[in-house]
Each structure stands twice: as C-alpha cells, then as structure tokens.
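What follows is each chain in one-letter form.
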There are 2 protein chains.
Amino acid sequence: MVQILNRGSTRTSPRAQRKTEARRAEILRAAARVFRRKGVAAAGMREIAEEADLSPGILYYYFSGKDEILQYCQDRTLEHMLAAAEAARATPASTPERLRAVLRAHVQAMLGELEGATAHLEVEALPEGMREAMIAKRDRYEHEVRALVAEGMKRGELAKADAALVTRAMLGAVNWSARWFRPDGKLRSAEVAQSLADYLVRGLTK
Amino acid sequence: MVQILNRGSTRTSPRAQRKTEARRAEILRAAARVFRRKGVAAAGMREIAEEADLSPGILYYYFSGKDEILQYCQDRTLEHMLAAAEAARATPASTPERLRAVLRAHVQAMLGELEGATAHLEVEALPEGMREAMIAKRDRYEHEVRALVAEGMKRGELAKADAALVTRAMLGAVNWSARWFRPDGKLRSAEVAQSLADYLVRGLTK
C-alpha cells in the first residue's frame with residue numbers, strides 16, 4: 001500500500017499528490033464498473049481506459065496494470081472496513097450498537113460507490129505475490145469483528161454462540177450484497193446497510 | 001438435466017443406469033476436489049480424470065467436458081435445495097422450524113460431500129447456453145425461501161422485515177460457508193448447518 005501511495009511522491013507537492021489520488025479514485029470507479037460488467041478475469045486495461053475516458057498511456061501512468069488496480073481496489077475497501085472496526089472497538093457505545101456500525105460501514109464500503117463491490121471479494125484474482133498481504137489484511141479485519149462479537153458475548157450483551165462462526169455468517173451476508181445489489185434498484189446502499197446490520201445483530205441480541 | 005440423466009438410457013437397463021449415476025457422482029466428488037484446489041477456471045479434464053482415477057477416455061464417456069461437469073454439479077446441488085424448500089413448505093411445522101430445516105439442508109447440500117461447494121456458486125463460469133436455465137432454477141429456489149419467510153411474517157411467527165433482503169442475507173451467509181469450511185477442520189458440516197440455521201432464524205424470531 002505504501003509503495004502505491006508514494007508513487008512519485010518524492011518529486012511532487014502535497015497538492016499534486018492529492019490530485020493523483022483523486023484521479024486514481026476516479027479510475028477505480030471506472031474499473032469497478034468494467035469489473036462488474038465483464039467480470040474481473042475478462043476485463044482489460046483498454047476497456048478500463050475507455051470507461052475512464054483516458055488514453056491507455058495515461059492510465060498506465062497511474063497504474064502499472066489491472067493487477068495493481070485490483071490490489072488498490074481491495075486494499076482501499078479493506079482499509080475503510082478496518083478503520084470502521086477499529087473505531088467501533090474504541091467507542092464506549094453498547095456492543096450491539098458498535099457491531100451494527102461496523103456492518104453498516106462494511107456494506108457502505110462495498111456498495112457506496114461500487115468501488116470495491118465484487119472485485120473486493122476476489123483475492124484469488126490477484127497474482128500470487130500480491131495475494132498474501134491482502135489475505136493477511138482481510139484476516140486482520142475478520143479478527144477485529146470477531147473480537148467485538150466475542151467481547152459482547154463475554155459482557156452478556158450478546159447471546160452466547162460460536163463467535164467465529166457467527167462472525168463468518170455476518171461477513172458472508174454482507175459480502176453477498178455485492179452480488180445482488182443494483183445501484184439503479186429500489187433500495188439505496190444506505191438502506192441495505194442499515195437493514196442488514198439490524199437483522200444480523202438481532203440474531204445475537206438477548 | 002433430463003438430457004444429462006437420460007444419456008444412453010435407451011440402451012441400458014435400470015441397473016446399468018444406476019451404476020452410471022453412481023459413477024457420475026464419484027466423478028463429481030473428484031471434480032469438486034480439483035475445483036476447490038485450483039479454482040474452476042484453472043481446473044482441467046486431465047486433472048479431474050487423474051483425481052477420479054480414470055483414463056481421460058472413460059471420463060469423456062461420462063461427461064462431454066468440464067462445462068457439463070460443472071452444470072451437473074450445480075444442478076444437483078440446486079435440486080437438493082429445491083426439494084428441501086418444497087418439502088418444508090408442505091410441512092405443518094412452525095415457520096421458524098421449517099426455515100431452519102431449509103437452511104440446514106442448504107448448508108449440507110454444499111458442504112456435506114463438498115460436491116457443490118464453491119463450484120455451485122459460480123454460475124458465471126458456465127458457458128452462456130447453460131447459464132440461463134441454471135439462473136432460472138436458482139431464482140426459483142430463492143423465491144421458495146422468500147415465500148416461506150414472507151409467510152412467517154404474515155402469520156406473525158416472524159418479525160416484520162424486508163423479506164427479500166433478509167432472504168438474501170440468509171442465503172449469502174450460508175453460501176459463504178463454502179468459502180471457509182474445511183472438511184478437516186474443527187466443525188463438522190452438520191454442526192455448521194445447525195449453528196448457521198439457528199443464528200439466521202433467530203434474527204427473525206419474536
């Protein structure tokens with residue numbers, strides 16, 4: 001991640017760096033649309049460039065290839081989720097409330113701008129050299145959520161259950177939303193986030 | 001499906017047909033192990049033959065290619081799930097009880113023998129000509145589960161919520177289990193099935 005964000009940073013001003021980041025985020029959204037339409041495997045740099053309204057040369061200035069776009073996409077989504085989980089753990093609210101906040105943030109990170117969406121889930125689509133770090137980060141996130149669930153059970157705020165299994169059920173349910181959510185559908189991403197979080201935490205409240 | 005099951009049926013006795021079906025099921029389990037190990041896209045007929053301890057020639061007698069194996073795998077899993085959902089709707093038990101039975105059967109169909117597992121979820125991996133029928137069958141299954149959820153809400157046995165969204169959350173949670181379940185892990189598939197069903201229905205009980 002550091003390597004990505006620092007690209008060219010030795011030569012550019014903070015303002016130029018912010019501009020680069022904004023452009024990279026734009027490219028990401030375009031790439032997400034292509035990934036969604038064609039699947040990650042079939043998407044090509046040429047199409048991503050077209051969708052982003054850039055020449056392929058300019059696109060390659062921002063990203064070395066599709067793998068780097070995918071890595072950036074997954075990393076960004078996971079960073080959002082991790083930040084939300086860490087913030088929730090540091091908050092004095094009740095565990096059900098904190099857990100709902102984490103799940104809402106998770107759904108929003110995936111569906112909000114469709115940046116992550118399905119591409120976020122396909123760690124296997126990354127080349128081997130990039131996969132390990134992403135899996136480690138994903139595991140760290142899962143660990144954070146599980147710790148919150150386990151804490152709630154220990155404190156008696158949540159019903160006793162297998163914390164690891166329930167955490168995976170929750171994450172499965174929210175991850176799956178990337179498969180069926182349609183930005184032009186009846187529900188907004190914020191509504192999906194709220195309803196999923198309510199339902200999933202309800203299964204553990206006493 | 002009919003076309004697949006009837007392969008060669010005009011010339012063979014019922015006993016020979018049963019034998020063929022048993023051999024196809026064996027091949028399926030071998031294929032599922034290869035799909036799991038390498039991913040559906042990278043798996044080849046040669047490896048499936050090796051895993052099933054068959055010559056490629058014999059393998060091609062039973063299946064025309066990887067696509068047909070994948071189709072058979074998905075179809076079989078969905079047929080199990082549909083049968084369970086239809087049986088549950090025809091049963092006089094309470095809705096929470098029937099819903100738990102459907103979810104348990106779903107998890108078991110996916111994890112029980114690892115026949116379906118991840119391959120079951122990858123309808124997109126089928127060639128276009130095979131995809132539509134499978135999507136229709138999957139939709140029919142989702143519709144059955146949703147009807148059960150909606151019925152329970154209408155009867156006052158389940159808390160009111162968006163039945164379509166909750167159904168998708170449930171299916172997402174159970175489908176996700178194919179991603180993390182390890183046959184050599186601590187939990188048996190029956191335990192996973194039971195715990196997931198309990199937790200997911202608890203989120204709707206009053």
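Residues numbered from 1 in each chain as written. Chains lettered and ligands numbered in written order. Predicted model: local features only at pLDDT ≥ 70, side-chain atom pairs only at ≥ 80, totals over all residues. Heavy atoms only, no water.

S.K.: Describe the overall build of chain A, with residues and values.
M.R.: Scanning chain A from terminus to terminus reveals 10 helices and 0 strands. Going from the N terminus to the C terminus, chain A shows its helices and strands as α-α-α-α-α-α-α-α-α-α. At 18 Å, chain A has a C-alpha radius of gyration in line with the 17 Å of a compact globule built from 206 residues. Reported as C-alpha extents along the three principal axes, the dimensions of chain A are approximately 55 × 40 × 30 Å. The 206 residues of chain A split such that 46% are buried. Relative to all contacts within chain A whose residues are 6 or more apart in sequence, the contacts with residues 24 or more apart total 71%. Of the roughly 10000 Å² of accessible surface on chain A, a fraction of 50% belongs to carbon and sulfur atoms. Across chain A, the mean location of the 34 positive side-chain charges is 2 Å away from that of the 27 negative side-chain charges. (Helix = DSSP H or I, 4+ residues; strand = E, 2+ residues; numbered from the N terminus. Rg over C-alpha atoms; globule rule 2.2 N^0.38 Å. Buried < 20%, exposed > 50% of the residue type's maximum accessible area, 1.4 Å probe, protein only. Contact = heavy atoms within 4.5 Å. Areas by Shrake-Rupley, 256 points an atom, 1.4 Å probe, with all protein chains shown as cover. Lys, Arg positive; Asp, Glu negative; His and termini not counted. Charge placed at Lys NZ, Arg CZ, Asp CG, Glu CD.)

S.K.: I'd like a rundown of the interface of chain A and chain B, residues and numbers included.
M.R.: Counting residues at the interface gives 26 residues for chain A, matched by 26 residues for chain B. Between chain A and chain B the total buried area reaches about 2400 Å² when both faces are included, carbon and sulfur atoms providing 64% of it. Counting the surface chain A buries against chain B, the share from its top three residues, A:L165, A:W176 and A:Y199, is 31%. On inspection of chain A and its partner chain B, the count reaches 0 salt bridges. Our count for the contact surface shared by chain A and chain B stands at 6 residue pairs in polar contact (both at pLDDT 80 or more). Of all elements in the fold, only α9 (163-180) and α10 (189-202) of chain A reach the threshold of two or more residues within the side of chain A that touches chain B. (Buried area = accessible area lost by both parts, 1.4 Å probe. Salt bridge = Lys/Arg side-chain N within 4 Å of Asp/Glu carboxyl O. Polar contact = N/O pair within 3.5 Å; in protein donor to acceptor, adjacent residues only side chain to side chain.)

S.K.: I'd like to hear about the pattern of salt bridges, residue by residue, with values.
M.R.: Counted according to the given criterion, the structure contains 32 salt bridges over all chains. The salt bridge involving B:K38 is made with B:E47; its shortest N-O contact spans 3.3 Å. Judged by its relative accessible area of 40%, B:K38 falls in the partly exposed class. Note that B:R155 is salt-bridged to B:E157, the shortest N-O span being 3.4 Å. One salt-bridge network, in which partners are shared between bridges, spans A:R89, A:R98, A:E144, A:E151, A:R155 and A:E157.

S.K.: If you had to explain unusual backbone geometry to someone new, which residues and values would you point to?
M.R.: Positive phi values are uncommon outside glycine, yet A:D53 reaches one of about 60°. Position of A:D53 among the secondary structure elements: in the loop between α3 (45-51) and α4 (56-62).

S.K.: Please provide a residue-by-residue account of α10(A), values included.
M.R.: For α10(A), built from 14 residues, the straight-helix expectation of 20 Å at 1.5 Å per residue is met to within 8% by its first-to-last C-alpha distance of 20 Å. Tucked inside the fold, the buried residues of α10(A) contact α6 (95-111) and α9 of chain A together with α9 (163-180) and α10 (189-202) of chain B. (Expected span 1.5 Å × (residues − 1).)

S.K.: Could you give an account of the relation of the copies chain A and chain B, with specific residues and numbers?
M.R.: Note on the chain copies: they are related by a rotation about an axis and a translation along it. The operation relating chain A to chain B is a screw motion whose rotation component is 180°, with 0.0 Å of axial translation and a residual RMSD of 0.0 Å. Between the two chains, the operation in question is that of a two-fold axis. If distances are taken from each C-alpha of chain A to the rotation axis, the shortest is found for A:G203, at 1.7 Å. A share of 100% of the interface residues of chain A reappears at the interface of chain B, consistent with the copies meeting face to face through the same patch. (Least-squares fit on C-alpha atoms with pLDDT ≥ 70 in both.)

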